[in-house]
Structure formats: C-alpha cells, structure tokens
Amino acid sequence: MSISILGFPRIGEHRELKFALESYWANESSLEELESLAQSLRKKHWEAQKDLDFVCINDFSYYDNVLDLAYALGVKPKRFKDLEGLELYFAMARGHKNGVACAMTKWFNTNYHFVVPELDIDNKYILNIDFITKQYKEALQLGYTPKISLIGFFTFFHLSHIVNGEKQEVFEQVKTAYLALIDALVSALGKEIVIEFSEPIFALGLDFLICETTTLKNFYNTLVKKGVKAIVSTFFEHSCEATEILSQTEIYGIGLDFLYGSKNLNSLDTLAKSGKAVFAGIIDGRNIWISNLEEKLALIEKITKKIPQNKLTLTTSCSLLHIPYSKNTESKMDSEILSWLSFSVEKIAELKLLNQVLKDGIQNHKTQWEHYITLNQTRKNSLKIHNKEVQARANSTQEAKRNVSFKERIKLQQEIFNLPLLPTTTIGSFPQTKEIRNARKDYKSGKITQEIYTQIIKDYIKDCVQFQEEIGLDVLVHGEPERNDMVEYFGEQLSGFVFSQNGWVQSYGSRCVKPPIIYGDVARLQPMTIQWSVYAQSLTQKIMKGMLTGPVTILNWSFVRDDLPRSSVCKQIALGIADEINDLQNAKIRIIQVDEAAFKEGYPLRKENIREYEEWALYCFRLATRIALPQTQIHTHMCYSAFNDIIKTIEAMDADVITIETARNSNKLLRIFQEVGYDKQIGPGVYDIHSPRIPSVAEIKEQIQAILEVLPKEQVWINPDCGLKTRKYEEVKPSLKNMVEATKEILQNL
Ligand SMILES: [Zn+2]
C-alpha cells in the first residue's frame, strides 16, 4: 500500500508567498526575489511530503492553478495581446492598464477562487511549460519522486468562458492544445512522467459533457500513448459515472474521494475488474479534525475487500489547499481543542501512521494509535461542546417568515426612507488601513487599552462617514474597521467557536482567510455590532446600514464540527443573528444587511442533494431575518452573479434588497431576474473591487445603462460589487466618486 496527497498548501507556513507577491506587485522587490522565495517554499513543502510516495509538482502557483494551465496552454485574451510572461499572467489575474482582469469564480463548493480562462477561437495557443518543468527538475534534483498535478482537460474546458467561437470548435481546438502540452511535457521531462489529472467536474455526473463518452475515453487513451503515467482524480463528490468510462481506458489509476463521495464505494467492483491502481481519498482534505483512525481502518477494509493492497494508495480526499499548513505554530488556543485538530502536516502524519499500522499491526504503533483513540473519545464526550440551553432553543420548531409581504413592506420603507431613484451605497467594508490593523494587533496583545482601541475605530468610522457624505452616497456604512474578517468577527463573539492564530487558507491570489473553527454549540453571548452602528448613525442624518453576516455564510466559511448535522449548527447561528437584528432595530438602525456571501458555495455538487440544502439554508436565513419589522429593510449581499439555478431560492429568501457581484461578468446574467419577474430590489455591482483599477465615470455609466436595459429603474441600487476592505483608500475614493458621479449623470437623463 502507498500513501500520497493531491496537493499541498502553497501560501507558506507564515504566508510567505502572499507577502512576496504583494511586495512584487508593489514594485518593492524583484522577480528574482519572488522566484527564489517560491523555490524555497517548494523545497520546504516537499520536505513535509517526504514520507509520501510522491511529492506534488505544479500544485504550487503564483496565483491559481487554472490560470497556470491557461497560461501554459497559451490562452491569451486579445486585450493583453502585447503582454508576455508574468506580466501577462498577472494581467489575467489582476487586470492591467491594457484591460480588466479575467473573471474569478469559486472552485466547486469551496471558498477557493480560480481565474476563469477566456477561450477564443482566434487564439494561437503558444505553449509555455516553463512553470511546470522548472518545478519538476527542482524536485528531481532534491531526490524526490515527482507527481505533476494538472487540471484535467474536461474540467478546464468546462470551467472556461468561450468569448469567441463556436463551442464545439473551441473544444476541439483546446483539446489539441492540451495534447500538445502533454507532448511538450513528455519531451521535456521524459516518458513515464506521472501526472495526476484533476477532473473534479466528473463529480457532477457526466451530463455536462458536450461530447460522446467515447471522446473522453479516446482522449485519455491518447494521453497514455504519449507516454504519461496518468491518474485521473475526482473529489468533493462521487464520480461513479466517470469511473465507469475511465476504467475502460488505458490510464494507470483513478483517484476517488471516499468521504464526500461515499457512493464511490459502489464503483469498487468496476475498479477491481479494471485492474487499475486506486487512489483512495480517505483522510479529510477539507476539514481540520483529527481522524477517527478506527473508522478509517474500517473504510480501508471495505476497499481492500475488492482492491488488492498493491493496487491501493491512500490519499487525502482532495488537495490540502483547503486547510492550513500545520497546527504547530498555534500557541494560544485552548490546548484540549487544539489536540482535536489536524492541519496539512498532521494529515500527512495520519496517512503515514495508517500505512504503518496496516503494515506492521497496531501493536507495533500502540502509543501513537491509542493517542488518537483517546483524543477522539474525549472530544466526543467533552462538556465543552455541549450546551443544553442552546440545544433546547434550536430544537424547538420555529416559524421563519416575515409577517408582512414585500409589497407592503417596501411601500412602508419608501415612505420612511425617501430615497432617490438609483440609490447609491457600498457593500460595507472600507479599506483596512495599516493603522487599523496595527491597533487591532496591539489591542489583542494588550499593548493598548480597550478605550484607546475603541477611539481609533471611532475615528476611522468618523472619517469614513464624512467621506461618504462628502461624495454624496445615499445609504452609508460604518466601514467595518473593527472586523478583520467578517466571519471571524462574529465567531469571536459567539460561543462554540475557536480561532487559530495562523490557520490561513488561500481564498484567491494572495488573499487568505483564517476560517473559524466551530467546535461546540453556538450562542450569542452579547450584542456584537450595536455600538459601532449606533455610533456611526449618530454622525449622520443619512441612513446607516447595519452590517451582519448571515448564518449560512458563517457556517460555510468555518470549519464545522463533524458530530452534528450542518443544518443544526446553522440553526444555532441563525438564532444568534436574529437576536442581533432585534437589537439593531431597537437601536433605530433602519436598514440591516445580512451578508450571505457564501450561500451558493454550500450548494451540493450533485443535483440530487440540492433540495435538502436549499431547504435548511433558506430556512436559516429566514429564521435569522424574520424578526425584522416591516419597516426595517433587510439587505443581503452575495458574491456572485449566476443566479439562474437558484433564483427561486433567492426569491424565497425574501430580502428587500440584494446586492450582487456582476461587474466582472456580463449583464446577461441579470436577465434571470427579469425572466422570473423578480419584484424585489437589486444592486448589481457596477465595478470590480478585486482589481486595483479605478473605473472611469464613462465606464460606470455604461455599466449602469446596461443594467437599466435589463432591470426597471425602480428596482435598481448602485454599488460596487463587493466590500472595499482589500483595496487602498487611494483607489476607493476616486472609484466611489466616479460611481456617484456616473449615477448622477444617468439620473439627469432618465
Ligand atoms: Zn461580496
């Protein structure tokens, strides 16, 4: 039996890659410095994989693996035709003076974002394999056995946008380019290179395929003929349909996720007959609890009943990209809770121990083994995780519907608020300045008192409100300076959450998040946002939006306990948020935004599981917001714009206003709101905040006009497409000014 993983987190134990990238982008360091840092990180990460049968190559990336593949294939958007090398690469990722960045979207049901390749029939596909070969050679030189991680062709194609050309033709063209890429790799690195082709798209079933399944079969057979030892992996769900097909090909192995896709067990007979190597994902690559090794053994036993040990490799369920580096640097967490956790380095140790135990028997690794067993038992029975009161409140069934219909609510709200047509607002956060970050650090470490910290935050809010008044926004926000990360901010004030100091996970590019860890029953301990909102409101006559994070998002952006259904955890959170909404409206906050940025990423990948998720997620949002009075306007915000599949659910959420992220995508996506006769208000983002580019008045006007072609003016709000906290004030100020100006000019001609 062998052990392996599907990828290691690349950002670095101390987020070294993040800082190196940001300093390179700011022209504060050279390309050589960036490259040498990258190389040293890879070396360190391979060292952490030394007990595995392979080390992963090309899981490393300067921005994103899908982008890497696009770049390697020579995908080059027309607007960047004059760019080359890293300049081109980062232009696609982040935008450039020559044009806007490519769209970015979530990687399946995770909070990782990939850059969406733009496929154009006129593209030249001039290959560029240096990224890959360089890493490969580095690993060889260090004495490792490399396994190249590469996004599979089908996943790549189906995640891309076709910007020009007929789908089938582009498909053939990209397929040719992809095969040429494999040729190039084989000729540069030799025959028998091991490539793990990640094809998570197969976990959705095969309905998406625009070709016959024989095309799929032929494609992988062609790859193998080129001299590649090919492993095709899926993750996040079962992929039984694809396994049927793949097991008829010449590929070497198939990788399957037996945790999030337990139905893969049904494919074992097929796999056994095919004689393929099986890479069995049995250690959770997405969650951070130590494994229950007895359960793992039982699972392995099920697999080895069919698959001989010499054909079996134990792996993580997916790339470890989705969990932090190691818990070794955590010094502040409750030590008992910490003992229940397992990050990347620890997951590899679990694989190693399992492998040893399977080889030599438990008795030869007794101490280590029993350690795991004890930890699992203490966790299960710990008083820390159970709170009877919370359980009782959550278990009592509750109505989750606002009393008054939207039509009546909006009338009432309009009378009170008296907002103009096309009201302007922002999504909530303003730039997190160095000063704020330092103050928070100093406050947490006890260097400054709470009074001083509060004063610093208040000063920020004051400036922020003043600026918004100056430029004439209609609905103001306090700017969220007190929040490092929104989910962390709420989690810190709820029971049942713990926080790591260093548990960073990449979200997009150089951005990382530190997901909170929900280990026990959740309850609100005290008001969480009231003092800031009330203070901010006291500074202005305009309406101040209260700003909360919704229960589904808090859940989806946390590492969640695995001993309770997610729906039950979510309900507990929803009740806490409901209490906060109640306090806000009692404190005269008239608009309350309940962000559900991550509502969609919680969607199951398989159609058959969607209904159940929608039911409880929707219920939880409504349970949180039902307490709002008819005259309290509930906003929600979602960080995406493709609503076609979920529009009914969005409607049923019954929020008075929804702001969404359309700026990087086309307004075509808005048509769905028109088609279903969506009657509530919508703020489609009018410019992209993920890029440092400052949008011009003309550009924003165009965007607004395009929106107004699809949506009635009475329904439209004007706002950026997400929060501004990752931007600099130098970018935010002119951008928002332009936004207000553009709105004014549009209003004059309306
Ligand atoms: Zn957003």
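Residues numbered from 1 in each chain as written. Predicted model: local features only at pLDDT ≥ 70, side-chain atom pairs only at ≥ 80, totals over all residues. Heavy atoms only, no water.

Observations concerning the overall build of the protein chain
Point 1. Scanning the protein chain from terminus to terminus reveals 27 helices and 23 strands.
Point 2. Expected size for 750 residues packed as a compact globule is a radius of gyration near 27 Å; at 26 Å, the protein chain falls within 12% of this value.
Point 3. Overall, the C-alpha framework of the protein chain stretches about 70 × 65 × 50 Å when taken along its three principal axes.
Point 4. In the protein chain, buried positions account for 63% of the 750 residues. (Helix = DSSP H or I, 4+ residues; strand = E, 2+ residues; numbered from the N terminus. Rg over C-alpha atoms; globule rule 2.2 N^0.38 Å. Buried < 20%, exposed > 50% of the residue type's maximum accessible area, 1.4 Å probe, protein only.)

Considering the packing of aromatic side chains
Each aromatic ring pair is summarised here by two numbers: the centre-to-centre distance and the angle between the ring planes.
Point 1. Counted according to the given criterion, the structure contains 44 aromatic pairs.
Point 2. Each ring, one from Phe154 and one from Tyr220, has its centre 6.3 Å from the other, and the planes form 35°; the classification is tilted. Of the two residues, Phe154 sits in helix 6 (residues 153-159) while Tyr220 sits in helix 8 (residues 213-225), which places them 66 residues apart along the sequence.
Point 3. Judged by its relative accessible area of 0%, Phe154 falls in the buried class.
Point 4. For Tyr220, a relative accessible area of 0% corresponds to the buried category.
Point 5. Chaining the aromatic ring pairs together yields one cluster made of Phe153, Phe154, Phe157, Phe171, Tyr178, Phe197, Phe202, Phe208, Phe219 and Tyr220.
Point 6. Across from the ring centre of Tyr260, 5.6 Å away, lies the NZ or CZ of Arg286, which sits over that ring. (Phe/Tyr/Trp six-rings, centres within 6.5 Å; stacked < 30°, edge-to-face > 60°. Lys NZ or Arg CZ within 6 Å of the ring centre and 35° of its normal.)

A word on helix 3 (residues 65-73)
Every α-helix carries 3.6 residues per turn, so stepping three or four residues along brings you back to the same face.
Point 1. Taking burial as the measure, the nine residues of helix 3 include nine buried ones, the bulk of the element.
Point 2. Within helix 3, burial applies to Asn65, Val66, Leu67, Asp68, Leu69, Ala70, Tyr71, Ala72 and Leu73.
Point 3. In this fold, the buried residues of helix 3 make contact with helix 4 (85-94), strand 4 (113-115), helix 5 (130-141), strand 6 (146-151), helix 6 and helix 7 (167-189).
Point 4. Taking the backbone nitrogen of Val66 as reference, a side-chain oxygen 3.3 Å away marks Asp64 as the first, capping residue of helix 3. (Contact = heavy atoms within 4.5 Å. Polar contact = N/O pair within 3.5 Å; in protein donor to acceptor, adjacent residues only side chain to side chain.)

Observations regarding unusual backbone geometry
Peptide bonds are mostly trans, and most non-glycine residues show a negative phi.
Point 1. The phi dihedral of Glu192 falls on the positive side, at around 70°, and the residue is not glycine.
Point 2. Following the sequence through the fold, Glu192 ends up in the loop between helix 7 and strand 8 (193-198).
Point 3. Relative accessible area serves as the criterion here: at 54%, Glu192 is assigned to the exposed category.
Point 4. A positive phi angle is found at Phe236, which is not glycine, with a value near 80°.
Point 5. Relative to the assigned elements, Phe236 resides in the loop between strand 9 (228-233) and helix 9 (240-246).

Notes on the UniProt feature "binding site: Zn(2+)" (unreviewed entry) in the protein chain
Point 1. Mapped onto the present numbering, the UniProt feature "binding site: Zn(2+)" (unreviewed entry) falls at His637, Cys639, Glu661 and Cys722. Over a stretch of 86 residues, the named residues converge on one spot in the fold, their C-alpha atoms separated by at most 8.5 Å.
Point 2. By the secondary structure assignment, Glu661 is in the loop between strand 22 (657-660) and helix 25 (671-675).
Point 3. Judged by relative accessible area, Glu661 falls into the buried class, the value being 12%.
Point 4. The residues touching Glu661, leaving out its near neighbours within four places in the chain, are Met638, Cys639, Tyr640, Ser641, His690, Asp721 and Cys722.
Point 5. By the secondary structure assignment, Cys722 is in the loop between helix 26 (697-710) and helix 27 (729-748). (UniProt positions renumbered as here; feature names shortened; annotations may be inferred.)

Brief notes about the coordination of the zinc ion
Point 1. Protein coordination of the zinc ion is provided by His637 (NE2), Cys639 (SG) and Cys722 (SG), with donor distances spanning 2.1 Å.
Point 2. Along the chain, the residues donating to the zinc ion are arranged with the sequence spacing H-x1-C-x82-C. One end of the pair, His637, is in strand 21 (residues 633-638); the other, Cys722, is in the loop between helix 26 and helix 27, with 85 residues separating them in the sequence.
Point 3. Judged by relative accessible area, which is 14%, Cys722 ranks as buried. (Donors = N, O, S within 2.8 Å, 3.2 Å for Na, K, Ca; no water.)

Topic: the nonpolar core
Point 1. One finds Tyr62, Phe154 and Phe197 to be the most contacted residues of the largest nonpolar core, which totals 147 residues.
Point 2. Each residue touching Tyr62, except ones within four places of it in the same chain, is listed here: Leu17, Leu21, Leu34, Glu35, Ala38, Leu86, Tyr89, Phe90 and Phe131.
Point 3. Grouped together as the second largest cluster of nonpolar side chains are 101 residues, Val465, Val552, Tyr603 and Val732 included. (Core = buried A, V, L, I, M, F, W, Y, C linked by side-chain atoms within 4.5 Å.)

Considering the domain arrangement of the protein chain
Interface size, as often reported, equals the accessible area lost upon joining of the parts.
Point 1. For the protein chain, the domain assignment lists domain 1 (2-381) and domain 2 (420-486 + 528-748).
Point 2. The centre of domain 1, based on its C-alpha atoms, is set 33 Å off from the matching centre of domain 2.
Point 3. Taken together, the contact between domain 1 and domain 2 spans 34 residues of the former and 20 residues of the latter.
Point 4. In this assembly, domain 1 packs against domain 2 so that about 2000 Å² is buried in total across both faces, 49% of it on carbon and sulfur atoms.
Point 5. It is Arg94, Lys106 and Asn109 in domain 1 that bury the most area against domain 2; as a group they hold 22% of the surface buried on that side.
Point 6. The interface formed by domain 1 and domain 2 includes four salt bridges.
Point 7. On the surface where domain 1 and domain 2 come into contact, there are eleven residue pairs in polar contact (both at pLDDT 80 or more).
Point 8. When its residues are assigned to classes, the side of domain 1 that touches domain 2 shows 16 nonpolar, eleven polar and seven charged. (Domains from an automatic or database assignment. Buried area = accessible area lost by both parts, 1.4 Å probe. Salt bridge = Lys/Arg side-chain N within 4 Å of Asp/Glu carboxyl O. Nonpolar A, V, L, I, M, F, W, Y, C, P; charged D, E, K, R; others polar.)

Let's talk about the sheet that holds strand 10 (residues 253-257)
Strands in a sheet are paired, the pairing made by backbone hydrogen bonds, and the direction either parallel or antiparallel.
Point 1. Spatial strand order, 1-12-11-10-9-8-6-2: eight strands in an open sheet with parallel pairing. With partners counted over all chains shown, the strands left at the sheet margins are strand 1 (2-4) and strand 2 (55-57), one partner each. Strand-to-strand twist in this sheet, taken as the mean axis angle between neighbours without regard to direction, amounts to 30°.
Point 2. Across five bridges, the pairing between strand 11 (residues 277-283) and strand 12 (residues 312-316) is parallel. Looking at the pairing, Phe279 lines up with Thr313 of strand 12.
Point 3. Sheet strands touched by helix 8: strand 8 and strand 9. Its angle to strand 9, the strand with the most contacts, is close to 145°. (Pairing = 2+ DSSP bridges. Axes fitted to C-alpha atoms, helices over the stretch in contact; angles between N-to-C directions.)

Considering the pairing of strand 10
Point 1. Most of strand 10 is tucked away, with five of its five residues classed as buried.
Point 2. Judged by which residues are buried, strand 10 turns out to be covered on both faces: Gly253, Gly255 and Asp257 on one side and Ile254 and Leu256 on the other are all buried.
Point 3. Pairing of strand 9 with strand 10, which is carried by three bridges, proceeds in the parallel orientation. Pairing of Val232 across the sheet is with Ile254, part of strand 10.
Point 4. Assessed by its sense of winding, the connection that carries the chain from strand 9 through helix 9 to strand 10 is right-handed.
Point 5. Where strand 10 and strand 11 come together, five bridges link them in parallel fashion. Looking at strand 11, one finds that Ile254 is bridged to Val278.
Point 6. Tracing the backbone out of strand 10, into helix 10 (residues 268-274) and back to the parallel element strand 11 gives a crossover that is right-handed. (Right-handed = clockwise from strand over helix to strand, strands pointing away.)

Description of the sheet that holds strand 19 (residues 559-560)
Point 1. Taken in spatial order, the three strands of this open sheet run 14-17-19, and their pairing is mixed. One side of each edge strand has no neighbouring strand; the edge strands of this open sheet are strand 14 (497-498) and strand 19.
Point 2. Two strands pair when backbone bridges link them, and strand 17 (residues 517-518) and strand 19 are joined in this way by two bridges, in the parallel orientation. Considered in strand 19, the bridge of Ile518 is made with Val560.

A closer look at the environment of Ile707
Point 1. Tracing the backbone shows Ile707 in helix 26.
Point 2. In contact with Ile707, other than residues within four places in its own chain, are Asn667, Leu670, Pro684, Val686 and Val716.

Topic: the environment of Gly472
Point 1. Along the polypeptide, Gly472 turns up in the loop between helix 18 (450-471) and strand 13 (475-476).
Point 2. Put simply, Gly472 and Ser335 are 137 residues apart on the chain and 50 Å apart in space, counted from C-alpha to C-alpha.
Point 3. With residues up to four places along the chain from it excluded, the contact list for Gly472 reads Thr424, Lys542 and Val740.

Examining the packing of helix 7 against helix 8
Point 1. Remark: helix 7 packs on helix 8, axes separated minimally by 10 Å, with the N-to-C direction vectors making an angle of 20°. Considering their axes alone, helix 7 and helix 8 lie roughly parallel with respect to each other. Here helix 7 runs over helix 8; the crossing is right-handed. Counted together, Phe171, Lys175, Tyr178, Leu179 and Ile182 of helix 7 and Thr215, Phe219, Thr222 and Leu223 of helix 8 form the full contact between these two elements. (Parallel < 35°, antiparallel > 145°, perpendicular 65-115°, else oblique. Left-handed = near helix turned anticlockwise from the far one by under 90°.)

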